[in-house]
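Below, each chain spelled out in residue letters.
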Amino acid sequence: QVQLVESGGGLVQPGGSLRLSCRASGTIDSINIMGWYRQDPGKRRELVATITSGGSPNYAGSVKGRFTISRDNAMNTVYLQMNSLNPEDTAVYFCLYRSPARPRDYWGQGTQVTVSS
């Protein structure tokens, strides 16, 4: 089992920044992907960014150039630095853990990000 604990969400004005963190605990596989998805009520969960255990990032086009994903493998933690936030970024952000050694994905409980003046 893998448990994910997220932190760092909140309310921010347009143009502002937030940093999300997600720490994984339990049995962590040497090869894995961690990252972030987001979901608005009534909409499908969508990719924000992921990063492999080797450090290769992948971004959704809507956040490229504004968001930066990074990870600390020693701490089993992934970070999402979000800059130049706009109201369209408002959503619940979910942390993801995925490994080819696992039959399913693991998700965090979600953290609310609200961008509003």
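Residues numbered from 1 in each chain as written. Predicted model: local features only at pLDDT ≥ 70, side-chain atom pairs only at ≥ 80, totals over all residues. Heavy atoms only, no water.

Okay, the overall build of the chain next. A tally of regular secondary structure across the chain gives zero helices and 11 strands. Compactness check: the chain gives a C-alpha radius of gyration of 14 Å against a globular reference of 13 Å for 117 residues, within 12% of the reference. Counting the 117 residues in the chain, one finds 43% classified as buried. Taking contacts inside the chain between residues at least 6 apart in sequence as the whole, the part at least 24 apart equals 54%. (Helix = DSSP H or I, 4+ residues; strand = E, 2+ residues; numbered from the N terminus. Rg over C-alpha atoms; globule rule 2.2 N^0.38 Å. Buried < 20%, exposed > 50% of the residue type's maximum accessible area, 1.4 Å probe, protein only. Contact = heavy atoms within 4.5 Å.)

Turning next to the packing of aromatic side chains. A full pass over the atoms with the stated rule returns two aromatic pairs. Their ring planes at 85° and their centres at 5.3 Å tell us that Tyr37 and Trp107 sit as a pair that is edge-to-face. Of this pair, Tyr37 sits in strand 4 (residues 33-39) while Trp107 sits in strand 10 (residues 106-107); the two residues are 70 residues apart in sequence, bridging distant segments of the chain. Judged by its relative accessible area of 16%, Tyr37 falls in the buried class. With a relative accessible area of 34%, Trp107 lands in the partly exposed category. (Phe/Tyr/Trp six-rings, centres within 6.5 Å; stacked < 30°, edge-to-face > 60°.)

With 28 residues, the main nonpolar core has Leu4, Trp36, Leu80, Met82 and Tyr93 as its most contacted residues. Elements that contribute at least two residues to this core include exactly strand 1 (2-7), strand 3 (18-26), strand 4, strand 5 (46-52), strand 7 (67-72), strand 8 (77-82), strand 9 (91-98) and strand 11 (111-115). If near-sequence neighbours (up to four positions away) are discounted, Leu4 is found in contact with Cys22, Arg23, Ala24, Met34, Cys95, Leu96, Tyr97, Tyr106, Trp107, Gly108 and Gln109. (Core = buried A, V, L, I, M, F, W, Y, C linked by side-chain atoms within 4.5 Å.)

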